[in-house]
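Chains, contacts and geometry: an overview
In case you want the letters, here they are:
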Amino acid sequence: MHKNPAAEDLRVFTAVVRKASFAGAAAELGTSPAYVSKRIRLLEQDLQVKLLHRTTRRVAVTEEGERVFHWAQRIQDDMEQLLQEVAVTRSVPRGLLRVSSSFGFGRQIVAPALSTLVEQHPGLQVRLEVFDRLVDVAGEGFDLDVRVGDDIAPHLIARRLADNHRVLCAAPAYLQRKGTPRTVPDLAAHDCLVIKERDHPFGVWRLRSGAHEASVKVRGPLSANNGEMAVQWAVDGRGVVLRSLWDVDAHLQAGRLVQVLPQWQQEANVWAVYPTRLERSAKVRVCVEFLQAHFCAGWASRSAETGVGANASV
């Protein structure tokens, strides 16, 4: 006869699946690999099914394990929702909030904001992880992805945090040496600093000027999967870069970079993206509302200092 699985065993199992490792799960949970192995063994005994294939290098999930993983996530989310629903107030977030973002934006913008968030909400713990790829929010166990860019899968909930766009810019020394592009097609003949970052198409710049759209295939001697490096190369005079205003605004204000084709830009708004199963999560809601207010206040402060227009919010 099947026994009802323990909530702790389900929690350990989901951690093992996300990390594909007993040691990784133990590190995440703050326990030992032996404890993780014991809980998985008890869960398999209770369910009378093999959940994992274990090798010396990696842990793989069985077909039955995949089904159990999805149910375990739902059960844990429902239990958390229950606790939040019966709390004295749903405006007080509690527990662990798992957040993902991209390298540069996560480090420069999201991390300081989350630091302030936990200061204001002592019952909340935040774990931030940054990636150079698009994250499967639900499948990888995150509650929230803070991303730059408007291409969002329809099965996810998206809340706009701030308006933003990418601009073309280069160092004055580069433009003196190579000339200034006058049209979008001119970019194809320039040294362009191409970034492969998250879901951005590599080497294709899609731009907008009012109602007009244009696309150009660019290339150059330098490319990277990290926007901060590309911006530094641009400052060094190595070429033209397409980058968000939050990343290049200080260089533009200081004259280290100047805008190229300023009438053309690329929409790249900032979004909070999360699974539909977390639609009523108090901790997600409070975090999203906080980030919206934080980015808005940050933009108001920046615009007062620099006089840059409202679209340069982050």
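Residues numbered from 1 in each chain as written. Predicted model: local features only at pLDDT ≥ 70, side-chain atom pairs only at ≥ 80, totals over all residues. Heavy atoms only, no water.

This next bit is on the pattern of salt bridges. Any two side chains of opposite charge can pair, so long as their charged atoms come close to each other. Summed over the entire model, instances satisfying the criterion amount to 17 salt bridges. Among the ionic pairs, Glu213 bridges to Arg208, the shortest N-O distance being 2.3 Å. A relative accessible area of 35% places Arg208 in the partly exposed class. Linking Asp247 and Arg243 is a salt bridge whose minimum nitrogen-to-oxygen distance equals 2.5 Å. (Salt bridge = Lys/Arg side-chain N within 4 Å of Asp/Glu carboxyl O. Buried < 20%, exposed > 50% of the residue type's maximum accessible area, 1.4 Å probe, protein only.)

Core analysis: the biggest nonpolar cluster contains 27 residues, and Phe105, Leu144, Val146, Leu161, Val270, Leu291 and Phe295 have the highest contact counts within it. Counting only elements with at least two residues in this core, the list comes to β3 (95–102), α5 (103–120), β5 (144–148), β6 (156–162), β15 (270–275) and α9 (282–306). Excluding anything up to four places from it in sequence, Leu291 contacts Ala113, Leu114, Val146 and Leu161. (Core = buried A, V, L, I, M, F, W, Y, C linked by side-chain atoms within 4.5 Å. Helix = DSSP H or I, 4+ residues; strand = E, 2+ residues; numbered from the N terminus. Contact = heavy atoms within 4.5 Å.)

This next bit is on unusual backbone geometry. Of note in the backbone geometry, Ala20 takes a positive phi value of approximately 55° without being a glycine. Structurally, the position occupied by Ala20 is in the loop between α1 (7–19) and α2 (22–29). In this model, Leu261 sits at a positive phi of 45°, which is unusual for a non-glycine residue. Mapped onto the elements, Leu261 comes out in the loop between β13 (258–259) and β14 (266–267).

A few words now on the packing of aromatic side chains. Counted under the stated rule, the structure contains 3 aromatic pairs. With a centroid separation of 5.0 Å and an interplanar angle of 65°, the aromatic rings of Phe105 and Trp246 are classed as edge-to-face. With Phe105 in helix α5 and Trp246 in helix α8 (residues 245–254), this residue pair connects regions lying 141 residues apart in the sequence. For the pair formed by Phe105 and Trp246, the shared burial category is buried. Through a chain of ring-to-ring contacts, three or more aromatic side chains come together here, namely Phe105, Trp246 and Phe295. (Phe/Tyr/Trp six-rings, centres within 6.5 Å; stacked < 30°, edge-to-face > 60°.)

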